[in-house]
Each structure stands twice: as structure tokens, then as C-alpha cells.
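These are the residues of each chain, in order.
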Amino acid sequence: MAESLSWEQLNYPVQDWIQRAIEVLGFDAMTPVQASTIPLFSRNKDVVVESVTGSGKTVAFVVPILERIISDGANSTAFKKGHFHSLIVTPTRELSNQIQSVIQSFLDHYPGDSYPIKSQLLVGTSQKTVRDDVTKFLEERPQILVGTPGRVLDFLQMPSVKTLSCNMVVLDEADRLLDSDFFKDVEKILRTLPKQRRTGLFSATISEAGNQIFKTGLRNPVKVTVNSSKKGPASLGLFYTVIDPQEKLLQLINILNNYKFKKCIAYFPTCISVTFFYSFLQYLQREKKLLSDEVMVYSLHGKLQTASRMKTLENFTDTVNKAVLLTTDVAARGIDISDVDLVVQLDPPTDTSVLLHRCGRTGRANRIGKAITFINEGREEDLIPFLEVKDVHLQKMTLKKDELLKEGIYEVFKEWILQDRARFDLSVRSYVAFIKYYSKHSASSIFRLQSLDYVGLAKMYGLFRLPRMPEITKYFKSDTIKDGWLVDQPIDMDRFAYKDKKHEAARLEKLKDLENIKDKKKLKFELKKKNMAWSNKTESKETKAERKMKVELKRKAIEEQIEKEEGNARDEVTEDWKDIVLKNKKRKQMQSSGGMQGSFDDL
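All chains use their own residue numbering, which begins from 1 and follows the written sequence. Where local features are concerned, this predicted model is filtered to residues with pLDDT of at least 70; where side-chain atom pairs are given and counted, the filter is 80 or more; whole-chain, interface and lining totals use all residues. The side-chain values count all of the structure's non-hydrogen atoms but skip hydrogen atoms and water molecules.

Looking at an unreviewed UniProt entry, one finds the chain named ATP-dependent RNA helicase and attributed to Torulaspora delbrueckii. UniProt positions are given in the numbering used here, feature names are shortened, and annotations may be inferred rather than shown by experiment. Looking at the chain in UniProt, the text filed under Sequence similarities (unreviewed entry) is "Belongs to the DEAD box helicase family. DDX55/SPB4 subfamily." Looking at the chain in UniProt, the text filed under Subcellular location (unreviewed entry) is "Nucleus, Nucleolus".

Here is the structure:
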């Protein structure tokens, strides 16, 4: 990274209280991205900013927003109720919450005798509805809004929220916001805002957004690219190790037990795998004493409630103990936890650009950090030269095995799973979810289902039998493995019980029903249903989830339409209710007298 500069050298005179906040917050010198961006964005330029992770992009847009609020007079009683000045959109709730904290840390130094500048967080939670957000917005009158696309769009579509005064909009992690998952919502958000506004796009990999950038309504833009020759901070060491899938968990435990670090983030491929391995690591730590008691273990993924996610992140950030956070890509972007000095990726992400974002959770602000990526033996090793083409260079490293766990980790895993059938169900679902995740990799020529080690992967997830699924039937052939069993002595699945008494009673009831079926065809159908491929069951659940989502969207659209109609009712001329009653009465009379409407010639 290029040399940082003194704030006195900034080519823009910032407010005294902002300068004071900068000093108190410990930003002793500007980073290159701040020196380049703040003068442009504070004046009349749209900016497209690409800079390595940990280079200070958040401050580079927070300072201009605060400056423009003051220069545009939004910090006065003249600023209208129901209006806002600046909008910041991020892909995750965690990042929104973090940016809100940064803004508040600046506002803590705002002069007390001035008209207040306020910021409001807009993220979906089970505790607060959009109406609650609107009520708070109208009462507190914040000039800055920070949130995720879905909640922000719902908020802006409420009739009492006015967008005419919006002068600045920032898309943080813009390449993520402009991909297929978020683009429709982001596009709708931008359409509701005035065209004459300042727009800032910020990301470490903004070039990944491609032509989508031109759909954001940029006017008079300037591109700021910092340190493009090296994809990552100079203080960040990027490493990879080639490994047998079965040994991935073993090596993670080895790192947690034996390597020196303050805080570690371990990335897993799916939400369900985080839940599964979190439970097993707790068992290893508490019951088997195979994971050091010094290590605090936390878990975070996108399917947790917002309050739980925020609390977990807060606890992980605040703890002074050695700690590891098991997570997914929900914590891959923008999250800034100062003591994180180690990142471990148990599998490369499906999008290679996310690999850098994950690694960038360490080595921030010139602090030393190390990121280790596990690569499966075989075809996945081609990922290294593939990344080099993109100027991402990973050094090879060899990890030693923990002697304590060298033998028997699979046996320990299997023993734990056999204690409760619910754990077996979770392990199978995690395995199936991983294969689906793997099949969607953007580098499909490297990450191929044909070359996947299905047995080694199954043992990594503690399985003693391969699930029935089309991918295994198609790609996995073995003369030694019979009926999918990975153990010498097959488990009696009819006797394999749930610890939970209600679940076990329900299972036994189903088993009894199967035994009582005399009709052979019906029995065959029920057995086929019972033994359905896990991937098909997963797809069935996803189809139901999609249908449920469509119903929710339809209901929401109807509610919004009703609200708009109620809002416009005073201005509309409606049909008199007496006329409606008379028309209905007349129609009934026609029907009772044999009168018919319409043509029936085609029947």
C-alpha cells in the first residue's frame, strides 16, 4: 500500500468537529483511498472506488456525507419532515450495523448546540416491521439512512417517506449489490431517488460488476483505483494447503489448538454446515477435551435471526479471549474486527472474487494477518494458476497433523452422531447442501462433480453411509462399497433412535404404519417415499420455500396497493354505495328470471 498522508494535506477543508473526531478515533493519517475520494465526493463528483480490503473505504464516504449534509443545510429546521439527505445501501445486516456504528462514532463529536444530525438503521428483524421504521423515521427525522436492499426498498415505498431531498447515495460492496441476487431491488431503489444526486460505488472488486455499473445513474463520474497492482494489503499473507477432504476438520482443530492467533474466522460453505460443525466442536471441547479450552467458539450465518447475528458478532468482537467464528459468506465483506489475524477457508467460495473478500477480514489497516485456503487434492489444485491470472497469488504451505487427533477423529465423529439420529439427519443435509453448493461454482472447469472425492467428503461430515442422490449414482462407482455403507458393520437404521422423545415416537409410528401396509403397490410407494434421494427432498423443500416467498410478495403487493388506495381515497370520486346495491339487486333479478349474459355458442 502506498504511504499514508497527514490529514492536514487533504485537498478539502473538513469541519473542525469532523477533524476532532478523526483524531479521537485514531485515524492518525489518511489512507490513499481517503485522500483521493473525500475531496471528489464532498464536492460534485460521482465516484467509483476500487481499493483493497482494509484500506479505509468506510471513512472515505462517511466524511463526504457529513460534509454535504452541512453544506446543503440538511442540519437545520428547514429540512422537511419525512425527507432524508443520504442513503447507504449494503449487502448484509452486519455491514449495515458496522457502518451505522462508524457514523455514530463521528456524530458523538458533533457540536451539542447545533441542529442534530441523525442516522437510522434499516435492516429486517423479527422485532421491528417497516411501519416501526417509518414511525421512528418521522419522529426522529434522521438525515442518513443505512440498510440492506430489501428493507430499504420496502421503506422507500411507504407513502409517508419522501425521496425528493436525497442528495447522496452510496452502494458499499457495489459489485455484490449489482449482481443477480440484489440488482432488481437496487435498481428499484435508485429509480425512486432524484437523478440529480451524488452517487458513490465502493468495493475491493468493483470491476467484477462489469456493465451493471452504468445502470446506477452515475453522472460526471470519476474512477478511483488504489493499489490495483496487488490484490490485497501488503500486511496480508495469502496461503493455500492441499488436503484430503477427510482431514479438513482435523486441520482446523490443529490450527485452533496449536497456532498463535488472537481471533480467527473460519469460513464454511453453507449455513447448515456451520450449525453442524459448531455443535461437534463444542462436543470435542466440552466432552472429549480435544479442542483447547482457551478457544471461544462462535457461530454466525444468514439463517439466524438478526438479533442473534448482531449479538454473536458483538460478543466475538468484544471478547479478549482467543476465539474462532464459524461463518459463511454473510461475514465475507466489509466486516472490520481489529483483532482478527487469521482466516481459514475450509473450501474456496463458489465465486472466486469472494475469496479476496474473505481473506480481507484480516490484515486490515496495515496490521499483520494470515489467510489459509484449503484445496482438495486433485483437480482443485488448478485453482492456484487460475487465480494468478487475476493477480491473486497464494503461497503453498504445509500443515502438520495434531498428534492427539492423528488417529480416530472419524471414529469420534461417528460415535457422536450415533448418539442421536437428529445429528445424522443434520450431517446428511449438510453433505447434500455442500454438493449442491459445489455444483454452482463459477469455475466449473475446475470444480467438477465428476472428480469430487465423495467418500472422503462423507467422512469429513461424519457419515457412515452415502446418501441416495442422483449425483452419487451418476458420478461415483465403487466395487468395495456396498449399498453406500462406509463401515464394515452396517447400522440398523430401524433401531437408530432420536434423543427427542416426540421425534422418536413419530418415527416409530411411521415405521409401524409401514409394517401394517398389506397392499404391495402402496408399500412400494411408501418405501420409495421414505428412501427418496436427499437431494430430491432438499429440492422439494426449496420449491415450497419459493412458493411461500411468492405468496408473501403477492400479499405484500396487495397490502401496498390497499395502502395507496386508502391514501388517495380523499381525492378520488368513488361510486355511491346505493348505486352498487341497486346494480347487484338488478343482476340477481335477471338471473332469477332466466336472463342470461354472454354468449354460449361455443359450448
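**Topic: the nonpolar core**
Residues Leu284, Tyr431, Ile435, Tyr461 and Phe464 are the most contacted members of the largest nonpolar core, which totals 99 residues. Numbering of helices and strands starts at the N terminus; helices are DSSP runs of H or I of at least 4 residues and strands are runs of E of at least 2. Of the residues forming this core, the biggest block, 9 residues, is contributed by helix α15 (residues 421–439). Should any heavy atoms of two residues lie within 4.5 Å, those residues are considered in contact. Apart from residues lying up to four places away in sequence, Leu284 is in contact with Ile253, Lys289, Leu290, Leu291, Ile409 and Val412. To define a nonpolar core, start from buried Ala, Val, Leu, Ile, Met, Phe, Trp, Tyr and Cys residues and group those joined through side-chain atoms within 4.5 Å. Summary of the burial criterion: residues with accessible area below 20% of their type's maximum are buried, those above 50% are exposed, and those between are partly exposed, where the area comes from a 1.4 Å probe applied to protein chains only.

**Some remarks on the pattern of salt bridges**
We define a salt bridge as a contact between a side-chain nitrogen of Lys or Arg and a carboxyl oxygen of Asp or Glu at a distance within 4 Å. For the coordinates displayed, the defined rule picks out 18 salt bridges. Residue Glu187 is joined to Arg191 by a salt bridge in which the shortest nitrogen-to-oxygen separation is 3.6 Å. With a gap of 4 residues between them, Glu187 and Arg191 both fall in helix α8 (residues 183–192), about one helical turn apart. Take Glu187: its relative accessible area is 24%, and that puts it in the partly exposed class. Classification of Arg191 as exposed rests on a relative accessible area of 64%. Note that Asp347 is salt-bridged to Lys248, the shortest N-O span being 2.5 Å. Of this pair, Asp347 sits in the loop between β12 (340–345) and α12 (352–359) while Lys248 is found in helix α9 (residues 248–258), placing the two residues 99 residues apart along the sequence. Here the residues in one salt-bridge network are Lys128, Asp133 and Arg151, joined through shared partners.

**Observations regarding helix α6 (residues 149–156)**
The α-helix advances 3.6 residues per turn, and as a result positions three or four apart in sequence lie on the same side. Summarising burial for α6: 7 of the 8 residues are buried, a large majority. Within α6, the full set of buried residues consists of Pro149, Arg151, Val152, Leu153, Asp154, Phe155 and Leu156.

**A look at the packing of aromatic side chains**
In this analysis, rings of Phe, Tyr and Trp, with Trp reduced to its six-membered ring, are considered paired at centre separations within 6.5 Å, and the interplanar angle assigns stacked below 30 degrees, edge-to-face beyond 60, and tilted for intermediate values. For the coordinates displayed, the defined rule picks out 27 aromatic pairs. Each ring, one from Phe277 and one from Tyr461, has its centre 5.2 Å from the other, and the planes form 50 degrees; the classification is tilted. Residue Phe277 is found in helix α10 (residues 271–286), and its partner Tyr461 is found in the loop between α16 (454–460) and α17 (470–475); the two are separated by 184 residues along the sequence. Aromatic side chains Phe280 and Phe413 sit 3.9 Å apart centroid to centroid with 10 degrees between the ring planes, which places their arrangement in the stacked category. Highlighted residues: Phe280 in helix α10 and Phe413 in helix α14 (residues 409–417), separated in sequence by 133 residues. In this structure Phe280 comes out as buried when scored by relative accessible area, which is 0%. One residue, Lys459, lies across the ring of Tyr410, its end atom 5.4 Å from the ring centre. Note on geometry: a ring has a charge over it if NZ (lysine) or CZ (arginine) is within 6 Å of the ring centre and within 35 degrees of the ring normal.

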